[in-house]
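Single-letter residue listing:
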There are 2 protein chains.
Amino acid sequence: MKIVLIGSGNLAFHLGPALLKAGHTIVQLIGRSDRNTAKLAKKLDCPYSIQTEYINVNTDVYIIAVSDNAIKSFAKQIPKNDKLVLHTSGTVNANVLEIASKHYGVIYPVQTFSTDRKIKFNTVPLCLEASTEIASRKLKKLSSTLSDKIHWISHEQRQVVHLAAVFSNNFSNHLFVIAEELLNKSKLDFNMLRPLIAETAAKIQQNTPGTMQTGPAKRGDSETINKHIALLKNNKQISKIYEVITQDILDHNAPRL
Amino acid sequence: MKIVLIGSGNLAFHLGPALLKAGHTIVQLIGRSDRNTAKLAKKLDCPYSIQTEYINVNTDVYIIAVSDNAIKSFAKQIPKNDKLVLHTSGTVNANVLEIASKHYGVIYPVQTFSTDRKIKFNTVPLCLEASTEIASRKLKKLSSTLSDKIHWISHEQRQVVHLAAVFSNNFSNHLFVIAEELLNKSKLDFNMLRPLIAETAAKIQQNTPGTMQTGPAKRGDSETINKHIALLKNNKQISKIYEVITQDILDHNAPRL
């Protein structure tokens, strides 16, 4: 398929090459930052523009892979057409694209992308939504060339996936930030935790996280919990995080009704 | 070295084979549960006992690898001697072992062990503490055969490592539990998050977690945060967890003084 790719952020840097590899043609790249856009265009060997007046209309699909709050403004600038117009957001309603085409949809990849990390795109779960049967057919064809993990879900479900992703990724990463701060304050090295963190994630690739839980809260070991709370007594906010998560683990120990 | 290993839990199931592989001899295994002890003894090809009256005294080291609250009672049952006596806990004071020998110490592995998972023991960080120079020399010799990652730290530092490990492992695992519950309630599969969780942990093997943070709180995207809070309105406890972690990420965005 011929594709106009809009965006030059972390996702576009992964999605662009994945589209090429799958045999599609990027007929144009559109970005906001001159430097990143030029860099990605070079990588994709395609023409680029940082001005939306020159959006290519000789395409099959428009993919708007930009931050949530910029989607609508790009959609407005796409000449009204009957092609497939997609965005990639976990939260934004698909119908903001209606202004560009009646055939619109969502392709939301459930993964965290950094420019300097390699991701096997065919293992990335893709959450799909489409406005019409034509959009659905085209989107199915496109997405199946990109990944083996295709999920057709509703707008409401996509919000939940995004929220669950925030817990799994952003929030667990923040716990690692807290752990690093605790270590550093005691002149200890974060390297001490890296194998543990790798194993924590590896364990639940085959298992369900509930069955993998260990630790003082899981054991109901109030002596250790109290020692920890004492250690944190000078940091109100981290104490609060410790307490609410510990309480929720304790509550999970009781059989749920 | 000749070693009496006390314990037949998850740690003993990993530590025992690692000791053998390093060339040591398990002269006796002591456990509480008949079945697990017999199983591990078979694996280690060593005599075992579930009664502490028969603790072997012809040994160089005693390693008490049992749960925190059982360490003291095993230490009491070791015939008073001048060998090295160790426990493996992240929180218990080393001096509970004084009753067995003046040469005592701690070998605390910073890792989560499950019987059914393989762990490369030589990559496990070991936190060490010793009561005397003799204990220190012996412990150094022993631990360097087990792992390349040796850390001599104080009792106070060990408490901090343990606390940081609880944040990194138990608490992040609990966030995965919450994520799974959110998905299941919306008829979605936890598989959708597994690649994301693997990548979250993989990212910080080379990077520091603070630099890897993304998501609505990091961006200060209050619109998405409010949508998430609305989605969680029927679950007070999960809302609370969402709010305290989000608040702490927002506070981290401001430069720290």
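Residues numbered from 1 in each chain as written. Chains lettered and ligands numbered in written order. Predicted model: local features only at pLDDT ≥ 70, side-chain atom pairs only at ≥ 80, totals over all residues. Heavy atoms only, no water.

Draft legend 1. Representation of the sheet that holds strand β2 (residues 25-30) of chain A. All names here are of chain A. Across the sheet, eight strands lie side by side as β3-β2-β1-β4-β5-β6-β7-β8; this open sheet has mixed pairing. Across the chains shown, the open sheet's two edge strands, defined by having one partner strand only, are β3 (48-49) and β8 (150-152). Here strand β4 (residues 61-64) pairs with strand β5 (residues 84-87) via four bridges, running parallel. Pairing of Ile64 across the sheet is with His87, part of β5. Packing of helix α1 (residues 10-21) onto the sheet brings it into contact with β1 (2-6), β2, β4 and β6 (104-109), and relative to β1 it is tilted by some 170°. Along the sheet face, helix α5 (residues 155-185) touches β5, β6 and β7 (126-130) and points at about 20° away from the line of β6. (Pairing = 2+ DSSP bridges. Helix = DSSP H or I, 4+ residues; strand = E, 2+ residues; numbered from the N terminus. Contact = heavy atoms within 4.5 Å. Axes fitted to C-alpha atoms, helices over the stretch in contact; angles between N-to-C directions.)

Draft legend 2. Quick peek at the nonpolar core. If you look at the biggest cluster of nonpolar residues, it comprises 114 residues, and the most contacted ones within it are A:Ile64, A:Phe167, A:Leu193, B:Ile64, B:Phe167 and B:Leu193. Apart from the residues lying within four places of it in its own chain, the contact partners of B:Phe167 are A:Leu175, A:Ile178, A:Ala179, A:Leu182, A:Leu232, A:Ile238, A:Ile241, A:Tyr242 and B:Ser172. (Core = buried A, V, L, I, M, F, W, Y, C linked by side-chain atoms within 4.5 Å. Buried < 20%, exposed > 50% of the residue type's maximum accessible area, 1.4 Å probe, protein only.)

Draft legend 3. Structural context of the interface of chain A and chain B. Between chain A and chain B, the contact holds 90 residues from the first and 91 residues from the second. Surface buried jointly by chain A and chain B totals about 8500 Å² across both partners, of which 64% is contributed by carbon and sulfur atoms. Linking chain A with chain B are two salt bridges. A salt bridge links A:Glu199 to B:Arg117; its shortest N-O distance comes to 2.9 Å. For the pair chain A and chain B, the interface holds 38 residue pairs in polar contact (both at pLDDT 80 or more). Contributing elements (two or more residues each) for the side of chain A that touches chain B: α5, α6 (194-206), α7 (209-212), α8 (216-219), α9 (222-231) and α10 (236-253) of chain A. For the side of chain A that touches chain B, the element with the highest residue contribution is α5(A), accounting for 26 residues. By residue class, the composition of the side of chain A that touches chain B is 42 nonpolar, 32 polar and 16 charged. (Buried area = accessible area lost by both parts, 1.4 Å probe. Salt bridge = Lys/Arg side-chain N within 4 Å of Asp/Glu carboxyl O. Polar contact = N/O pair within 3.5 Å; in protein donor to acceptor, adjacent residues only side chain to side chain. Nonpolar A, V, L, I, M, F, W, Y, C, P; charged D, E, K, R; others polar.)

Draft legend 4. Structural view of the packing of aromatic side chains. As enumerated under the stated definition, the model contains eight aromatic pairs over all chains in all. The interplanar angle of 70° and the centroid separation of 5.0 Å between the aromatic rings of A:Phe167 and A:Phe171 together place this pair among those described as edge-to-face. You can see A:Phe167 and its partner A:Phe171 sitting in helix α5, four residues apart, about one turn around the helix. A:Phe171 shares its class with A:Phe167; the two are buried. Connected via pairs of aromatic rings, a cluster forms that spans A:Phe167, A:Phe171 and B:Tyr242. (Phe/Tyr/Trp six-rings, centres within 6.5 Å; stacked < 30°, edge-to-face > 60°.)

Draft legend 5. Region of the structure containing the layout of surface pockets. For the largest pocket, the calculated volume is near 1100 Å³. Lining the largest pocket are 43 residues, and of these A:Arg219, B:Leu11, B:Val66, B:Ser67 and B:Asp68 lie nearest its centre. With five residues, helix α5 (residues 155-185) of chain B is the largest single contributor of residues to the lining of the largest pocket. Across the lining of the largest pocket, the residue classes break down as 15 nonpolar, 21 polar and seven charged. Of the voids in this model, the second largest pocket is the one considered here, and its volume is about 900 Å³. Considering the residues around the second largest pocket, the lining is formed by 36 residues, among which A:Asn10, A:Leu11, A:Val66, A:Ser67 and B:Arg219 are closest to the centre. Among the elements that line the lining of the second largest pocket, the one with the most residues is α5(A), at five residues. Residue classes in the lining of the second largest pocket are distributed as 13 nonpolar, 19 polar and four charged. (1 Å grid on protein atoms, 1.4 Å probe; cavity = no way out; pocket = protein on both sides within 12 Å on 5 of 7 lines; lining within 4 Å. Points joined across faces, edges and corners; volume = space filled by probe spheres on them.)

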